[in-house]
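Chains, contacts and geometry: an overview
Each chain is listed here by its residues.
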Amino acid sequence: MDVSSPVGTAVVSSTITSESPPPRQRILVLGAPAGARASLAAARTAGFHVIAADANPAAGGFMEADEAVVCAVQASDVVIEVARRVRAHGIVATTDFAVVAAATAARALALPGIDPDAAQNAISKLRMRTRWAQERLPQPRVTVVHDHTALDAAATQTGFPVICKPANALGGGSRGISIAGDRDALSGAWEAAHAVAPDGVVLIEQCVAAVSEHSVEVLFHEGTAHVLAIGDKIKTPAPYRVDLAVCYPTALDARTRSEVAGLAEASARALGIHHGMAHVEIGVTAEGAQLFELGARCGGGATAAPVVPLATGIDEFVEACRVACGSLPRRTRPVHQHGVCYRFIAPHAGRRIETSQLEAIRQMRGVISLDVWGSDPASGDATVRTGGDRIGALVTTAPTREEAIAIADEAIACLSGANGDSPPAVRETYSRTDSVLATGEPNFAS
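These figures come from a predicted structure and were not determined experimentally.

Rules of the game
- Residues numbered from 1 in each chain as written.
- Predicted model: local features only at pLDDT ≥ 70, side-chain atom pairs only at ≥ 80, totals over all residues.
- Heavy atoms only, no water.
- Helix = DSSP H or I, 4+ residues; strand = E, 2+ residues; numbered from the N terminus.
- Buried < 20%, exposed > 50% of the residue type's maximum accessible area, 1.4 Å probe, protein only.
- Contact = heavy atoms within 4.5 Å.
- Areas by Shrake-Rupley, 256 points an atom, 1.4 Å probe, with all protein chains shown as cover.
- Polar contact = N/O pair within 3.5 Å; in protein donor to acceptor, adjacent residues only side chain to side chain.
- Pairing = 2+ DSSP bridges.
- Axes fitted to C-alpha atoms, helices over the stretch in contact; angles between N-to-C directions.
- Parallel < 35°, antiparallel > 145°, perpendicular 65-115°, else oblique.
- Nonpolar A, V, L, I, M, F, W, Y, C, P; charged D, E, K, R; others polar.
- Disulfide = S-S within 2.5 Å.
- Arc of directions from axis to C-beta.
- Salt bridge = Lys/Arg side-chain N within 4 Å of Asp/Glu carboxyl O.
- Core = buried A, V, L, I, M, F, W, Y, C linked by side-chain atoms within 4.5 Å.

**Remarks on the overall build of the chain**
- Scanning the chain for helices and strands turns up 13 helices and 18 strands.
- Within the chain, the fraction of its 446 residues that count as buried is 54%.
- A fraction of 66% describes how many contacts in the chain between residues 6 or more apart in sequence connect residues 24 or more apart.
- If you sum the accessible surface of the chain, you get close to 18500 Å²; carbon and sulfur atoms cover 52% of it.

If you want it as structure tokens, here you go:
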């Protein structure tokens, strides 16, 4: 039966059946979008009692939870009360919005978790950059701009091309982030960043000449770091900075893989993270690896499940839940290196995606999941400026990375069919990236 009871400004809804399992570790998950369904399902399969919290009463992840909590996941006082009432053994945030609340509630209730100050470091790009600079970790040059009058001088000091980004924006999806190649583009890039910066502070950051870009999943348990996976990223064309694909295993050579893994670990430690997850974004340049950003959580969307488990055999979200509940992680070393392509679907003007097309693609060999949550415009601008402009996602797997990428490209081409030109193939993009990795010829990050 369904049970509802008030919890401060929250409402707790529980589904209890006559076949309820014996008591399990109770994990409170802050943020339950549809993209987190596989992670929540994995936690339940692993034996956790999952309490999912989200401000959206219709959050897609609720269907995979044992209990659903409607609340403001970024409000620390609310999360503390909810965690106490549901008797949580651990708290995990799936979104940057909830990182500080998760850390604060864990501290208040004497549960394992990252330090609240470390959480603040992780959600503020300014604090993040400052701490990395104090530790002399490699990162792009950056200048802080508080108002438009200082913009030109900051860009001159940093050097074109520059990336404008809000210093403290939350929510991910590359909101407000764009590249200004010259002074003509600078004002528009600043305005886009300033519009989503809650405190009005904008960072003017060097746009480094990156050979390749990567995301790194790092699990910390009581000070010990475990690098779970490294993925290779493809971004939208300049001036925007949105992920279009992340593929595994990385094409980096052994020496560079070790450099990237070590830098990812050091970046989290510099922020004060010693227990919990870190999702680190790194660019590799001709001079070496450089830090871009860090999130004190698992990678977003399908990264923690099913992508990393398919690629490595490590259940990233499950291990994050174990650590959050004070248990030892069970698997932190890859048991295999399978090919996986996590491909986002960009809008395409004039395309009409039919249900029959989706079902046919889902039946293709190697297609694990295909989710479409948006629609194509009939005409006009279909530019991907933020993560929210993407209309779907696809996960494919195969014995090798190249095969997984080829399957993803075939699936995306099937979406277009006779309704329009296919988007650029990830296979072609990665072929160019792989050749650059071999030659060391840099391209500006875009």
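**A look at the environment of Glu-354**
- Within the element layout of this structure, Glu-354 appears in the loop between strand E16 (339-345) and helix H11 (355-362).
- It is 8.2 Å that separates the C-alpha atoms of Glu-354 and Leu-415, two residues lying 61 residues apart in sequence.

**Examining the side chain of Glu-319**
- Mapping Glu-319 onto the fold places it in helix H10 (residues 316-324).
- At 2.9 Å, the side chain of Glu-319 forms a polar contact with the side chain of Arg-322.
- Not counting residues within four places of it along the chain, the set of residues in contact with Glu-319 comprises Leu-219, Ile-314, Pro-329, Arg-330 and Arg-331.

**As for the sheet that holds strand E14 (residues 276-285)**
- With antiparallel pairing, eight strands are arranged side by side in an open sheet as E15-E14-E11-E12-E13-E16-E18-E17. At either end of the open sheet lies a strand with only one pairing partner, and these are strand E15 (288-295) and strand E17 (367-372). Taken pair by pair, the neighbouring strands of this sheet meet at an average axis angle of 25°, ignoring direction.
- Taken strand by strand, helix H9 (residues 303-312) contacts strand E11 (210-221), strand E12 (224-235), strand E13 (243-248), E16, E17 and strand E18 (392-398), and its axis lies near 150° from that of E16.
- Along the sheet, H10 contacts E11, E12 and E14; its crossing angle with E11, the most-contacted strand, is approximately 40°.

**Brief notes about the packing of helix H5 (residues 125-134) against helix H8 (residues 254-271)**
- In contact at an axis separation of 9 Å, H5 and H8 are set at 110° when each is read in the N-to-C sense. With respect to their mutual orientation, H5 and H8 come out roughly perpendicular. Contact with H5, carried on its side by Met-128, Arg-131 and Trp-132, involves Ser-267, Ala-270 and Leu-271 of H8 and no other residues of that element.
- Considering only residue class, the contact of H5 with H8 consists of four nonpolar, one polar and one charged.

**A short note on the state of the cysteines**
- This structure, assessed with the given rule, holds zero disulfides.
- Unpaired in terms of disulfides, Cys-321 finds its nearest cysteine sulfur in Cys-325, a separation of 6.7 Å.

**A look at the sheet that holds strand E9 (residues 178-180)**
- Taken in spatial order, the four strands of this open sheet run E7-E10-E8-E9, and their pairing is antiparallel. Looking at strand neighbours, the two that pair on one side only are strand E7 (142-145) and E9, the edges of this open sheet. Averaged over neighbouring strand pairs, the angle between their axes works out to 30° when direction is ignored.
- The sheet contact formed by strand E8 (residues 162-166) and E9 spans three bridges and is antiparallel. Following the sheet pairing, Val-162 is matched in E9 by Ala-180.

**Side note on helix H1 (residues 37-45)**
- Every buried residue belonging to H1 is among Ser-39, Leu-40 and Ala-43, and all of these are buried. Here the buried residues of H1 occupy an arc of 95° about the axis, which is enough to place them on one side.
- Contacts made by the buried residues of H1 are with strand E3 (26-30), strand E4 (49-54), H9 and H10.
- The first or second residue beyond H1 is Gly-47, which carries a positive phi of 110°.

**Points about the pattern of salt bridges**
- Counted by the stated rule, this structure contains 23 salt bridges.
- Across the pair Arg-26 and Glu-67 runs a salt bridge, and its minimum N-O distance is 2.8 Å. Here the residue Arg-26 occupies a position in strand E3, and Glu-67 occupies one in strand E5 (residues 67-70), the gap between them amounting to 41 residues.
- Lys-233 is the partner of Glu-281 in a salt bridge, and the nearest nitrogen-oxygen pair spans 3.0 Å. With Glu-281 in strand E14 and Lys-233 in strand E12, this pair connects stretches of sequence that are 48 residues apart. Across the pair, exposure class does not vary: Glu-281 and Lys-233 are buried alike.
- Taken together, the salt bridges that share partners define one network made up of Arg-129, Lys-165, Glu-205 and Glu-293.

**Topic: the pairing of E12**
- Among the 12 residues that make up E12, nine are buried, leaving the element largely enclosed by the rest of the structure.
- Where E11 and E12 come together, nine bridges link them in antiparallel fashion. Paired with Glu-213 across the strands is Lys-233, a residue of E12.
- From the end of E11 to the start of E12, which pair antiparallel, there are two residues, and Glu-222 there has a positive phi angle of about 50°.

**Quick look at unusual backbone geometry**
- Residue Tyr-248 is joined to Pro-249 through a cis peptide bond whose omega torsion reads -10°.
- Mapped onto the elements, Pro-249 comes out in the loop between E13 and H8.
- Following Ala-305, the chain continues to Pro-306 via a peptide bond in cis, the omega torsion being 10°.
- With respect to the element layout, Pro-306 can be found in helix H9.
- At Ala-110, a position not held by glycine, the phi torsion is positive, near 60°.

**Details of the nonpolar core**
- Counting residues in each nonpolar core, the largest one holds 56 residues, and the members touching the most others are Leu-28, Leu-30, Ile-282 and Leu-294.
- Not counting residues up to four positions away in its chain, the partners in contact with Leu-28 are Ile-51, Ala-53, Val-79, Val-82, Ala-83, Ala-88, Gly-90, Ile-91 and Val-92.
- If you look at the next biggest cluster of nonpolar residues, it comprises 26 residues, including Ile-27, Ala-32, Ala-59 and Ala-320.

**Remarks on H10**
- Taking burial as the measure, the nine residues of H10 include nine buried ones, the bulk of the element.
- The set of residues buried in H10 consists of Glu-316, Phe-317, Val-318, Glu-319, Ala-320, Cys-321, Arg-322, Val-323 and Ala-324.
- Directly beyond the C-terminal end of H10, a positive phi value near 85° is found at Gly-326.

That's the geometry; what it means functionally is another story.
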